[in-house]
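The chain contents come next:
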Amino acid sequence: MRRATARKPSANRAPKRKPKLGQNFLVDAGAAHRIVEALGDVSNRTVIEIGPGRGVLTDALARRAKRVIGIELDRVLAAQLRMRYATRGNVEVLESDFVTAEFASMVGRRPGPLHDLRPTQPDTVDIVGNLPYYITSEIVLRILELHPHIERAVVMVQREVADRIASKPGSREYGLLSATTQLFARVEKLFTLPPEAFSPPPQVHSTVIRLTMAPRLGELRVEEEPFIGFLKLAFAQKRKTLANNLRVRYDAAAIRTAFKSAGVRPDVRAEAMSLEKTAAVFRTLATA
Ligand code: SAM
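Residues numbered from 1 in each chain as written. Predicted model: local features only at pLDDT ≥ 70, side-chain atom pairs only at ≥ 80, totals over all residues. Heavy atoms only, no water.

### Focus: the site of the ligand
Stated precisely, the cut-off is as follows: Any residue with a heavy atom lying within 4 Å of a molecule or strand is counted as near it. For this analysis, a polar contact is any N or O atom pair within 3.5 Å, provided that within protein one partner can donate a hydrogen and the other can accept it, and provided that sequence-adjacent residues contribute only side-chain to side-chain pairs. In these tables, accessible area is a Shrake-Rupley quantity obtained with a 1.4 Å probe, and a residue counts as shielded only by the protein chains included in the view. Each helix is a run of H or I in the DSSP string that is no shorter than four residues. Each strand is a run of E no shorter than two, and both are numbered from the N terminus.
Every one of the 23 residues lining the ligand counts as a neighbour, but Gln23, Leu26, Gly51, Glu72 and Asn130 are closest to it. Between the ligand and the protein, one listed contact pairs a nitrogen atom with a backbone N or O atom of Ile71 at 3.5 Å. For the ligand, whose free accessible area comes to 590 Å², the fraction covered by protein is 99%. At the level of secondary structure, the elements contributing two or more residues to the shell around the ligand comprise β1 (25–26) and β3 (67–72).

Put into structure tokens, the structure is as follows:
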């Protein structure tokens, strides 16, 4: 069994994994169809499926997409999927962790008898998956990190996570995941499924969201890495004001000046800030 090369583990990676790998399999065939349809016309596209499991989405994808790459962490499921799609030239299955796998090794050419028939590396791919809920945020953040390679992603997440991702500044749910997602993508909530749509049923409802990549870094005049670091600092402690969170790195006078020039109240909290205002404060502090 071939595996994708692992990239260096991120320092933020949660150290502990639940043993069952979030294996709630979708048993509602209509819903599987709607998820794949939400990708649009994929007849000329490479689609990476995160966690194909027993293949309910993979079957539908194999009929529609030019190339399907399933990334499945469970060794037994990955082996079963490989056997099932062995004769489908457009489906490949890698036993790998989507969060740590290198993008190039996911989409690259594979050695073997089909080598010469494999397509060349695609410019961009689409992503689909009913995400394992124990690791949703890490997977969404990895998808966003890969934004230059991705056009759209249709993923199923826990309903509350979908609400957080789509929420607007000033709402209770708005946080780091909302801000980071909206920095890179337009977010649409598509539909919600009850626990009975899965086997075994999870304890929560699930919502399918579509992320259409539309990075705002240029428009906000920020560099990706430092601005993401700034967002992490801004949202570090939810109970604190933005100014207090920023005090870890910047001095009080510089923060006051930056808030004033951005037209921001001194006692504002990060969750009340639009990305435009946050970027304005960041830019002023970066040049202070
Ligand atoms: N796509 C299938 C479906 O809709 O029925 C399975 C969905 S199930 C919610 C999540 C799948 O992701 C499981 O097959 C699980 O083994 C796999 N998985 C869990 N963690 C993973 C990871 N880090 N990378 C890739 N696959 C993972």
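### Regarding the pairing of strand β5 (residues 125–130)
To be explicit about the condition: Burial classes follow relative accessibility: with a 1.4 Å probe on protein chains only, a residue under 20% of its type's maximum area counts as buried, one over 50% as exposed, and anything between as partly exposed. Two strands qualify as a pair provided that DSSP identifies no fewer than 2 bridges between them. Note on handedness: a clockwise path from strand one over the helix to strand two, with the strands aimed away from the viewer, defines a right-handed crossover.
Summarising burial for β5: 6 of the 6 residues are buried, a large majority. Going residue by residue along β5, you find Val125, Ile127 and Gly129 tucked away on one face and Asp126, Val128 and Asn130 tucked away on the opposite face as well. Relative to β5, strand β2 (residues 46–50) runs parallel, the two sharing 3 bridges. Bridging from a neighbouring strand, Ile48 pairs with Ile127 of β5. Two strands pair when backbone bridges link them, and β5 and strand β6 (residues 150–158) are joined in this way by 5 bridges, in the parallel orientation. Among the inter-strand pairings, Ile127 is bridged to a residue of β6, identified as Ala153. In this fold, β5 hands off to helix α5 (residues 136–145), which returns the chain to β6; that crossover is right-handed.

### Brief notes about the packing of aromatic side chains
Put simply, the rule reads: Only rings of Phe, Tyr and Trp enter the pairing, Trp through its six-membered ring, and a pair is recorded when the two centres are within 6.5 Å. The plane angle decides the type: under 30 degrees is stacked, over 60 is edge-to-face, the rest tilted.
A full pass over the atoms with the stated rule returns 5 aromatic pairs. Residues Phe227 and Phe230 carry aromatic rings whose centres are separated by 6.4 Å and whose planes lie at 15 degrees to one another, so their mutual orientation is stacked. Linking Phe227 with Phe230, this pair stays in helix α9 (residues 224–234), spanning 3 residues, or about one helical turn. Take Phe227 and Phe230: they sit in the same class, and that class is buried. Grouped by ring-pair contacts, the aromatic residues Phe227, Phe230, Tyr250 and Phe282 constitute a single cluster.

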